[in-house]
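Next come the chains, spelled out residue by residue.
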Amino acid sequence: MVCYLFAYIDRVNIGFAKLQMAQDVGISEAVYGLAAGIFFVGYVIFEVPSNLLLRRIGTRKTVFRIMLLWGITSAAMLFVHDATSFYVLRFLLGVFEAGFAPGIIFYLTLWYPRARMGAAMAVLMIPGPLGSMIGGPVSALLMTGMDGSAGLAGWQWMFLLEGLPCVLLAFVVLRFLPNGPGDARWLTAHERVLVEGALGTGQENGEHRFRKVLTDPRVYGLAVGYFCLISGLYGVGFWLPTILSENGIESVVAIGLWSAVPYAVALVLMRVLARHSDATGERRLHIVVPTFVGAAGMAVAAFTGSTFVLSMAALIVSTACMWGAYTVFWSVPSAFLTGDAAAGGIAFINSIGLLGGFFSPTLIGYVKETTGSTEIGLLTLVGLLVVGGISLTVTRVRTDVAPAPLAAGAEGTR
């Protein structure tokens, strides 16, 4: 969770850096949108190889390598001086972070049976909205409080001070993170047997071979739905500070505080949806319904841009619902993928989905530069969310699982 928190902050903090660096460096709205999205191109290219390598060398070394390189690259963003350097460093950040999120999702499948993955994912995904919730105010305070210190602009200090902790965390991971239950020194031999026994419950019929994943229509259906969901999440995530600025909020600190509100609500809804999904054993409706509600909320936000209170309320509902659907979504692939298929399949779904992280900010940047408004860009995201909801509805994956707490699985093993 701590690692993912810094990963998310380093991924989206350019939304706040833009408020200063656009003038300092001389970048346009389109350049910013492309740079925000190009991160995901590097991420997608190297994600599947990174996750397949994880199966060979273990989670500890993989996460160490990822965090060390992305921390250095994130801090190096302070050296951006033109559009080209902006593009290159954002691309490299994506390359070095590739495999982190799907690798950790796969890692959780080594610890939790599928009936408990909803709650586990709700905990793991907390850093997403939390990173936006605290990252906004912290980034804003760093930019205003450190501006001009040691000859560096506020946005340069922000990149430096939010990137270097990842380098330190890399060595914490290398020292303390076990590759799985078998390596966990804080588990007794009996406890390892209980965990492994619980994992065996209900997962015997999963697909094990990665090559089969590439021909499985369920994987592509999930990937399309995820692409649309990510388009909405990152479209709002990267452009929310700009949207708030356009609504008359001038203070960088105020923008940071307002931007935290949708993510505070998202934290609550994520937990409620995930726990209810695990308790009932139902996945599909817990994903599809919030996706459609999120689309409706974004449509209201697009059409009420001149009325700040109504537009902000709609963005809060939309953001919270998208994060809620996103959390439960990652309980689904582990229901039918195991072994190499889980490592590669989760990465493959995430790779296709994260192209939405490239598409949506790039689209909104282009539309804003050509029309002067973000409304058309937001409405495009509404359409994508609707398509995503339909794709996730018609993709036939057996996601209904009988509630099976760890104690029940452990008792069976004993």
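As a reminder, the structure under discussion sits directly above these lines.
Residues numbered from 1 in each chain as written. Predicted model: local features only at pLDDT ≥ 70, side-chain atom pairs only at ≥ 80, totals over all residues. Heavy atoms only, no water.

Within the chain, the secondary structure is distributed over 18 helices and zero strands. For the chain, the C-alpha radius of gyration of 21 Å lies close to 22 Å, the compact-globule estimate for 414 residues. Its C-alpha atoms give the chain principal-axis dimensions of roughly 65 × 45 × 35 Å. Residue burial in the chain is summarised as follows: out of 414 residues, 59% are buried. Pairs at least 24 apart in sequence give 84% of the contacts found in the chain among residues at least 6 apart. Total accessible area on the chain stands at roughly 15,700 Å², and carbon and sulfur atoms take up 68% of it. Computed over 25 positive and 23 negative side-chain charges, the inter-centroid distance for the chain is 12 Å. (Helix = DSSP H or I, 4+ residues; strand = E, 2+ residues; numbered from the N terminus. Rg over C-alpha atoms; globule rule 2.2 N^0.38 Å. Buried < 20%, exposed > 50% of the residue type's maximum accessible area, 1.4 Å probe, protein only. Contact = heavy atoms within 4.5 Å. Areas by Shrake-Rupley, 256 points an atom, 1.4 Å probe, with all protein chains shown as cover. Lys, Arg positive; Asp, Glu negative; His and termini not counted. Charge placed at Lys NZ, Arg CZ, Asp CG, Glu CD.)

It is worth spelling out the pattern of salt bridges at this point. Scanning the model with the defined rule gives three salt bridges in all. One salt bridge connects Lys 18 with Glu 29, and the closest N-O pair in it is separated by 3.4 Å. Of this pair, Lys 18 sits in helix α2 (residues 14-26) while Glu 29 sits in helix α3 (residues 29-57), and the two are 11 residues apart along the sequence. What makes Lys 18 buried here is its relative accessible area of 9%. (Salt bridge = Lys/Arg side-chain N within 4 Å of Asp/Glu carboxyl O.)

Let us look at helix α4 (residues 59-75). With 17 residues, α4 extends 24 Å between its outermost C-alpha atoms, agreeing within 8% with the 24 Å of an ideal straight helix rising 1.5 Å per residue. Tucked inside the fold, the buried residues of α4 contact α1 (2-12), α3, α5 (83-97), α6 (100-109) and α9 (154-176). (Expected span 1.5 Å × (residues − 1).)

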